[in-house]
Amino acid sequence: MSSLDYTYEHIDDVIDRSAFVAPTIDPKKTMLLVLDMQKACAQPGGAMYIPSVGGAPEGKDVIQPVVKVLEACRAKGIPVVWSLWGLRPDGKDAGVAELKWPGVLPLETFPGSWGNGGDELVDELEPLPDEPVIRKHRFSSFYGTALTEYMRKAGADTLVVAGLSTGNCQMATAIDGANQDFKIVVLADTTAAIPSGKDDPLGYGQHWEALRQIQANHGDVRTSVEFLDLIDA
């Protein structure tokens, strides 16, 4: 069994997907964002590794769906942008994280600080030379970055988001993208979320709540399988 099975079998049981902003996908107007696929969260043993809770995907299991989406987008000529999340070791860009994450500052040994290993991509994924890599210090891939400019230059009105994590970077990116009237499509089997620390029942917890919010207000929740069908890959 895979931690992805619940997603594939029950996504429509736990998320109301009756309305879509992007019922079809035009590859010529689409960009792929590979979101923060870093070893710290997606590789077993990583300092912030994400286990499966409440039927949500486990960190290691989202890697292959991301690989398949990446390969298909490249084959279809869909431009790709990458993001990496991290903070300065001295904490000067930490903002409210300094208050919300007591005990992690100073950041010299924090796995999410630049230069401390937390920014390393998983081994299965590697940007091509012409694929921009955004290094960001906030959850949104739009905040303080050139992502909007990359999309405008590519003529893209749709952003497909594949990667981690659901309640933080997926959610914040979807909100900021939707506020600019981009069509946001997040892929539910390519992401996972930090557990609540409670024994969440199937279909509940941060991962599912974030996906429900995205689908209800900010964009579309698809699976990678559905997305590949939409682009005829």
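This text goes with the structure placed above it.
Now for a quick tour of the structure. Keep in mind it's a predicted model, so treat the numbers as computed, not measured.

This structure, assessed with the given rule, holds 10 salt bridges. Of the charged contacts, one joins Glu 120 and Lys 39 as a salt bridge, the two residues approaching to 3.6 Å between their closest N and O atoms. Pair noted here: Glu 120 is in the loop between helix H4 (97–100) and strand S3 (133–136) and Lys 39 is in helix H2 (residues 39–42), with a separation of 81 residues, a long-range link. In this structure Glu 120 comes out as partly exposed when scored by relative accessible area, which is 41%. Shared partners join several salt bridges into a network, and the residues in it are Asp 12, Arg 17 and Glu 226.

With parallel pairing, six strands are arranged side by side in an open sheet as S3-S2-S1-S4-S5-S6. A single partner strand is all that each edge strand has here, and the edge strands are S3 and strand S6 (220–222). Averaged over all adjacent pairs, the angle separating strand axes in this sheet is 25°, with direction ignored. The sheet strands contacting helix H5 (residues 147–154) are strand S1 (30–35), strand S2 (80–85), S3 and strand S4 (158–163), and the helix crosses S1 at an angle near 150°.

Turning next to the nonpolar core. The nonpolar side chains of a soluble globular protein tend to be buried with one another. Leu 32, Val 34, Met 37, Leu 125, Leu 164 and Phe 227 are the most contacted members of the largest nonpolar core, which totals 33 residues. If you list the elements that add at least two residues to this core, you get S1, H2, helix H3 (63–76), S2, S4, strand S5 (183–187) and helix H8 (224–230). In terms of residue count, H3 provides more of this core than any other element does, seven residues in total. Those residues in contact with Leu 32 that sit more than four places away from it in its chain are Val 69, Leu 70, Cys 73, Ile 78, Pro 79, Val 80, Val 81, Leu 159, Val 160 and Ala 162. Listed in part, the 28 residues of the second largest apolar core include Ile 15, Val 81, Ala 174 and Leu 211.

Attention shifts here to the side chain of Thr 30. Locating Thr 30 in the fold gives a position in strand S1. Engagement of the side chain of Thr 30 in a polar contact is seen with the backbone oxygen of Asp 26, the distance being 2.7 Å.

Taken as a whole and assessed by the stated rule, the structure comprises three aromatic pairs. With 5.7 Å between their ring centres and 70° between their planes, Tyr 6 and Trp 208 make a pair best called edge-to-face. In this pair, Tyr 6 sits in helix H1 (residues 5–14) while Trp 208 sits in helix H7 (residues 206–218), placing the two residues 202 residues apart along the sequence. An identical accessibility class is assigned to Tyr 6 and Trp 208; each is buried. One cation-aromatic arrangement involves Arg 212 over Tyr 204; the distance from NZ or CZ to the ring centre is 5.2 Å. The ring of Phe 20 is capped by Arg 222, whose NZ or CZ atom sits 3.8 Å from the centre of that ring.

Rules of the game
Residues numbered from 1 in each chain as written. Predicted model: local features only at pLDDT ≥ 70, side-chain atom pairs only at ≥ 80, totals over all residues. Heavy atoms only, no water. Salt bridge = Lys/Arg side-chain N within 4 Å of Asp/Glu carboxyl O. Helix = DSSP H or I, 4+ residues; strand = E, 2+ residues; numbered from the N terminus. Buried < 20%, exposed > 50% of the residue type's maximum accessible area, 1.4 Å probe, protein only. Pairing = 2+ DSSP bridges. Axes fitted to C-alpha atoms, helices over the stretch in contact; angles between N-to-C directions. Contact = heavy atoms within 4.5 Å. Core = buried A, V, L, I, M, F, W, Y, C linked by side-chain atoms within 4.5 Å. Polar contact = N/O pair within 3.5 Å; in protein donor to acceptor, adjacent residues only side chain to side chain. Phe/Tyr/Trp six-rings, centres within 6.5 Å; stacked < 30°, edge-to-face > 60°. Lys NZ or Arg CZ within 6 Å of the ring centre and 35° of its normal.

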